[in-house]
Amino acid sequence: MMSPGHAQQMEILVGAIVLIFAVIVGALIMGMMKNAKKREQLRAQELSHEAKREMPTTSEQPEELPLAHIDSTGNVVSDLSVPDLHDAAVVIEEKAVDLAVALKKTEENLFGRIRSLFKTETSNKHLEEIEEILYTSDLGPATVQRLMGAIEDKLSKKERADYDTVREALKEEIKNIFQGSHSTSAGTGILSKIQFAAEGPTVLMIVGVNGAGKTTSIGKISAQLAAEGKKVLVAAGDTFRAAAGGQLKVWTDRAQVEIFSPEGVTDPSAVAFDAVAKGKGQGYDVVIVDTAGRLHTQANLMEEIKKMKRVMSKVIPEAPHETLIVLDANSGQNALMQAKEFHNALTLTGAVLTKMDGTAKGGVAVGLAQELHIPIKLIGVGERIQDLRTFSSQEFVNSLFQ
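Residues numbered from 1 in each chain as written. Predicted model: local features only at pLDDT ≥ 70, side-chain atom pairs only at ≥ 80, totals over all residues. Heavy atoms only, no water.

**Student:** Hey, could you run me through the overall build of the chain in this one?
**Tutor:** Broken down by element type, the chain carries 15 helices and 10 strands. When each of the 402 residues of the chain is scored for burial, the buried share is 44%. Of the contacts made within the chain by residues no fewer than 6 positions apart, 76% connect residues no fewer than 24 positions apart. Element-wise, carbon and sulfur atoms account for 54% of the exposed surface of the chain, whose accessible area totals about 21,100 Å². (Helix = DSSP H or I, 4+ residues; strand = E, 2+ residues; numbered from the N terminus. Buried < 20%, exposed > 50% of the residue type's maximum accessible area, 1.4 Å probe, protein only. Contact = heavy atoms within 4.5 Å. Areas by Shrake-Rupley, 256 points an atom, 1.4 Å probe, with all protein chains shown as cover.)

Structural data, given as structure tokens:
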């Protein structure tokens, strides 16, 4: 049994041990609290720095978001949706594209090479070289022969050796070519290029191969007509391409014009007939009939488009009042061949040349006027709605020869 003295010593020892343990635990807890507080301070400083980095400076203010637009394929480009065109008239008044700038590639391909020729070649080679340049500029053989005839018949040998004289001779002859195709007038807006019906709706039939910009051109024409106060109905007659109706729907929604696309109807002639009947019965000003992007080399497909044209005349004898072909200027001579085939099948009343701003083959416009004698009504020189603009041969020639 432990003596009282030993018991007292044990109590003192245990108390000391407990005290030491409490001090150690307390020290650990204090250290942990200090570390936690320090970490919170550091985190607060980091968040403050991040916030400062994310705040734009005066020179780095966020840019104004662009309005949504529709590209050449008919798709909406932008995160913003523009469901209507209440401000279409305002949009169309924006600064127009300088045609001389849009035709720069064509000018360099044609007259740029002729200018270089006069700097490097002797005069007795000029005619042969000029002829070769004209042939490779997508003017078409008949156009080249007419232009060469103007140089050979109207200029002396001395004059043929002078670039400025040759240039003026070519300029005047190209002006004469356009006069023969009734493409001289600039007009004031898209309305000036359309032959409107004396009464009832005016029917526009739009043809052309896939990829030429047909759907986009229909959308831009619809938007401009709507901006002029016209009640427009667009018939989705391209029933063979699944995406065509969807692309056209985007455009018609944006332009606030109605689309006629009956569900389950796959016969394009039935769509055309019913659309013209609806346009006549419900007081539309313009009915625009889209067609499938047929290959002009496939006779059976061309027959289908000829049928569409015939059935429209059953409703309105004069319909379609305009049969317009949309041509991609980039395709050069192929565009000219397309126009010939469609003209033979449908008797075109005009042409719409797209993508003139991005091609060196704008000379096809001259070939089109010379070989088919149909007016070029509209040209596309950019992505905006107003960049599908009326064609003036005088403006075109002056820009090409500037």
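**Student:** Can you help me understand the pattern of salt bridges in this one?
**Tutor:** Any two side chains of opposite charge can pair, on the condition that their charged atoms come close. Following the criterion strictly, the structure yields 15 salt bridges and no others. Put simply, E107 and R115 hold a salt bridge, and the shortest N to O gap is 2.6 Å. Taking relative accessible area as the criterion, E107 reaches 11% and is therefore assigned buried. Under the relative-accessibility criterion, R115 is labelled partly exposed at 31%. Note that E303 is salt-bridged to K306, the shortest N-O span being 3.0 Å. Here K306 and E303 lie together in helix 12 (residues 299–315), a separation of three residues that amounts to about one turn. When its relative accessible area of 41% is taken as the criterion, E303 is described as partly exposed. (Salt bridge = Lys/Arg side-chain N within 4 Å of Asp/Glu carboxyl O.)

**Student:** Looking at this structure, I do not really get the side chain of S399. What am I missing?
**Tutor:** Looking at the element boundaries, S399 is found in helix 15 (residues 393–400). At 2.8 Å, the side chain of S399 and the backbone oxygen of E395 are in polar contact. Apart from residues no more than four positions distant in its own chain, S399 is found in contact with L99, A100 and L103. (Polar contact = N/O pair within 3.5 Å; in protein donor to acceptor, adjacent residues only side chain to side chain.)

**Student:** Please clarify how the nonpolar core should be interpreted in this entry.
**Tutor:** Grouped together as the largest cluster of nonpolar side chains are 98 residues, with contacts concentrated most on F178, I288, F342, L353 and F396. Discounting chain neighbours no more than four positions away, the residues touching L353 are L327, A329, V364, A365, I376, L378, I379 and G380. (Core = buried A, V, L, I, M, F, W, Y, C linked by side-chain atoms within 4.5 Å.)

**Student:** Would you explain the packing of helix 12 against helix 13 (residues 333–346) in this entry?
**Tutor:** Axes are the key here: two packed helices are described by the angle between their axes and the distance separating the axes. Two elements in contact, helix 12 and helix 13, have axes whose closest approach is 10 Å; the angle formed by their N-to-C orientations is 45°. Looking at the two axes, helix 12 sits oblique to helix 13. Where helix 12 crosses over helix 13, the two elements pack in a sense that is right-handed. Residues M302, I305, K306 and K309 of helix 12 form the contact with helix 13, whose own contacting residues are E341, F342, A345 and L346. The class makeup of the residues in the contact of helix 12 with helix 13 is five nonpolar, no polar and three charged. (Axes fitted to C-alpha atoms, helices over the stretch in contact; angles between N-to-C directions. Parallel < 35°, antiparallel > 145°, perpendicular 65-115°, else oblique. Left-handed = near helix turned anticlockwise from the far one by under 90°. Nonpolar A, V, L, I, M, F, W, Y, C, P; charged D, E, K, R; others polar.)

**Student:** Where do I start with helix 8 (residues 163–180) in this structure?
**Tutor:** An α-helix turns once every 3.6 residues. As a result, residues three or four positions apart point the same way. Across its 18 residues, helix 8 extends 26 Å between first and last C-alpha, which sits within 8% of the 26 Å expected from 1.5 Å per residue. Burial in helix 8 covers these residues: Y163, V166, R167, A169, L170, K171, E173, I174, I177 and F178. (Expected span 1.5 Å × (residues − 1).)

**Student:** Sorry if this is basic, but what is going on with the sheet that holds strand 5 (residues 258–260) here?
**Tutor:** Note: strands within a sheet are paired through backbone hydrogen bonds, in either parallel or antiparallel orientation. As summarised here, the arrangement of the eight strands in space is 5-4-6-3-7-8-9-10, forming an open sheet in which the pairing is mixed. Looking along the sheet, the strands with just one partner apiece sit at the ends: strand 5 and strand 10 (388–390). Between one strand axis and the next, the sheet turns through 25° on average, direction left out of account. Each of strand 3 (202–207), strand 4 (232–235), strand 6 (286–290), strand 7 (322–328), strand 8 (350–354), strand 9 (376–380) and strand 10 touches helix 9 (residues 214–227); the most contacted strand, strand 6, lies at about 175° to it. (Pairing = 2+ DSSP bridges.)

**Student:** Help me understand the environment of G332 in this model?
**Tutor:** Structurally, G332 is set in the loop between strand 7 and helix 13. G332 sits in the buried class, given a relative accessible area of 0%. Counting along the chain gives 195 residues from G332 to S137, while the straight-line C-alpha distance between them is 8.2 Å. Other than its neighbours up to four places away in sequence, G332 contacts D138, K361 and V364.

All quantities given are derived from atomic positions and should not be read as evidence of function.
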